[in-house]
Amino acid sequence: MHHQAPHHPPHGDPQATPLAQEAQAPCPPPGTEPPVSTAAEASPVNEAPAAPAAETPPPPSLEEQLLAAQQKATEHHDAWLRAKAEGENIRRRAQEDISKAHKFAVERFAGDLLAVKDSLEAALTNQNQSVESFQAGVELTLKQLVAAFEKSGLKETNPVGEKFDPHFHQAIGMVESDQEPNTVVTVLQKGYLIAERVLRPALVMVAKTKSVAVAPEPTPEAPPAAPETGAPATTPPTEPPAA
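For clarity, every value in this text was computed on a predicted model and none was experimentally measured.

**A look at the nonpolar core**
By size, the foremost hydrophobic cluster in this structure holds five residues: Val 184, Val 187, Ala 202, Val 204 and Val 206. Of all the secondary structure elements, the ones that give two or more residues to this core are strand E3 (184-189) and strand E6 (202-208). At three residues, the largest contribution of residues to this core is made by E6. Those residues in contact with Val 206, other than ones at most four positions away along the chain, are Phe 164, Ala 171, Gly 173, Met 174, Val 175, Asn 182, Thr 183 and Val 185.

**Examining the side chain of Thr 141**
For Thr 141, the position within the fold is in helix H5 (residues 131-151). Assessed through its relative accessible area of 8%, Thr 141 is described here as buried. A polar contact of 2.8 Å, which involves the side chain of Thr 141, links it to the backbone oxygen of Gly 137. If sequence neighbours within four positions are ignored, Thr 141 has contacts with Val 116, Ser 119 and Leu 120.

**Remarks on the pairing of strand E5 (residues 197-200)**
As defined by bridge partners, strand E4 (residues 191-194) adjoins E5 across three bridges and the pair is classed as antiparallel. In the sheet register, Tyr 192 faces E5, and the bridge partner there is Arg 200. As consecutive antiparallel partners, E4 and E5 are separated by two residues, and within that stretch Ala 195 has a phi angle of approximately 55 degrees, a positive value.

**Details of the sheet that holds E3**
If you trace the three strands from one edge of the open sheet to the other, you get E2-E6-E3, paired in mixed fashion. Among the strands making up the open sheet, the edge pair consists of strand E2 (169-176) and E3. Strand after strand, the sheet turns through a mean of 25 degrees between neighbouring axes, direction not considered. Pairing of E3 with E6, which is carried by four bridges, proceeds in the antiparallel orientation. Its bridge partner being in E6, Val 184 is matched across the sheet by Val 206.

**Digging into the sheet that holds strand E1 (residues 154-157)**
With antiparallel pairing, three strands are arranged side by side in an open sheet as E1-E4-E5. The open sheet has two edge strands, E1 and E5, and neither has a second partner. Adjacent strand axes in the sheet meet at a mean angle of 35 degrees when their direction is disregarded.

**Focus on the pattern of salt bridges**
Here the structure, examined in full by the defined rule, presents four salt bridges. With its nearest N and O atoms 3.2 Å apart, the salt bridge here joins Lys 190 to Glu 156. Note that Lys 190 is positioned in the loop between E3 and E4 and Glu 156 in strand E1, a separation of 34 residues in sequence. You can call Lys 190 partly exposed: its relative accessible area is 35%. According to the relative accessible area criterion, Glu 156 is partly exposed, its value standing at 41%.

**Examining the confidence of the model for the chain**
When pLDDT is averaged along the chain, the result is 77, and 65% of the positions lie at 70 or above. Ignoring residues within four places in sequence, the model shows residues 9-20, a span with pLDDT below 50, making three contacts including any to other chains.

**Here's the deal with the packing of helix H4 (residues 107-125) against H5**
Where H4 meets H5, the axes come as close as 9 Å, and the angle between the chain directions of the two elements is 175 degrees. By the angle between their axes, H4 is roughly antiparallel relative to H5. Contacts between H4 and H5 pair Arg 108, Phe 109, Asp 112, Leu 113, Ala 115, Val 116, Ser 119, Leu 120 and Ala 123 from the former with Phe 134, Thr 141, Gln 144, Leu 145, Ala 148, Phe 149 and Lys 151 from the latter. Taken together, the residues of the contact of H4 with H5 break down into ten nonpolar, three polar and three charged.

**With respect to the packing of aromatic side chains**
Under the criterion given, the structure shown has two aromatic pairs. Considering the side-chain rings of Phe 109 and Phe 149, the 6.1 Å spacing of their centres and the 20 degrees angle between planes classify their relative orientation as stacked. Within this pair, whereas Phe 109 is found in helix H4, its partner Phe 149 is found in helix H5, the two being separated by 40 residues in sequence. The class for Phe 149 is buried, based on a relative accessible area of 19%. Between Phe 149 and Tyr 192, the ring centres sit 6.3 Å apart and the planes meet at 80 degrees, which makes this aromatic pair edge-to-face. Residue Phe 149 is found in helix H5, and its partner Tyr 192 is found in strand E4; the two are separated by 43 residues along the sequence. Residue Tyr 192 is classed as buried on the basis of its relative accessible area of 18%. Within the aromatic cluster, the residues linked to one another by ring pairs are Phe 109, Phe 149 and Tyr 192.

About the thresholds
- Residues numbered from 1 in each chain as written.
- Predicted model: local features only at pLDDT ≥ 70, side-chain atom pairs only at ≥ 80, totals over all residues.
- Heavy atoms only, no water.
- Core = buried A, V, L, I, M, F, W, Y, C linked by side-chain atoms within 4.5 Å.
- Buried < 20%, exposed > 50% of the residue type's maximum accessible area, 1.4 Å probe, protein only.
- Helix = DSSP H or I, 4+ residues; strand = E, 2+ residues; numbered from the N terminus.
- Contact = heavy atoms within 4.5 Å.
- Polar contact = N/O pair within 3.5 Å; in protein donor to acceptor, adjacent residues only side chain to side chain.
- Pairing = 2+ DSSP bridges.
- Axes fitted to C-alpha atoms, helices over the stretch in contact; angles between N-to-C directions.
- Salt bridge = Lys/Arg side-chain N within 4 Å of Asp/Glu carboxyl O.
- pLDDT = per-residue confidence, 0-100.
- Parallel < 35°, antiparallel > 145°, perpendicular 65-115°, else oblique.
- Nonpolar A, V, L, I, M, F, W, Y, C, P; charged D, E, K, R; others polar.
- Phe/Tyr/Trp six-rings, centres within 6.5 Å; stacked < 30°, edge-to-face > 60°.

As structure tokens, then:
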């Protein structure tokens, strides 16, 4: 019984097995890595189709733009009318407040003066009062008046001995005095301030330096008058000689 030898395909046979082809492939030189085949190179990537771009809305037409502009103009006009009406209301209320302030500005001061008037009327009604009681009533009434002035910010000024100030004083004249010059010597009428503003200046007399009496210098005697030139000289009469 004869055995047949295995059949080996010749080199270059297209029907060679893959193992034979791999064995026949040349080996890469030492120190280099064989190329790695990836699945991406082996098979093409199935890319998803790009999404279509979003369509931009068309611009508004001229009629739509005109309608929007008219609506904005109407809104602005209404807002202007409301602001104008509010401004007129504020101005009218301010004018009313100013008018009331002018009318009733002295209301508090007038109320304080009523007590002074009542005291004066009571003093005139009592006819059988002594001089002392009448004087005491007048002093009490004056205190009420001063208190009313103080409540309203009315302040009295009596600048005796102070430096003369033309902003607060009115000089009537100047007198010689031992005081420092330009100093108030006498107050003829008191002044008044209201809230640090001059309501009435004080009438005052101001000091001035005393004048020193100087003795008059003696006047020199006049020399005798010289005779006029061209006039004949007068000679005293001579007596005739005795016989």
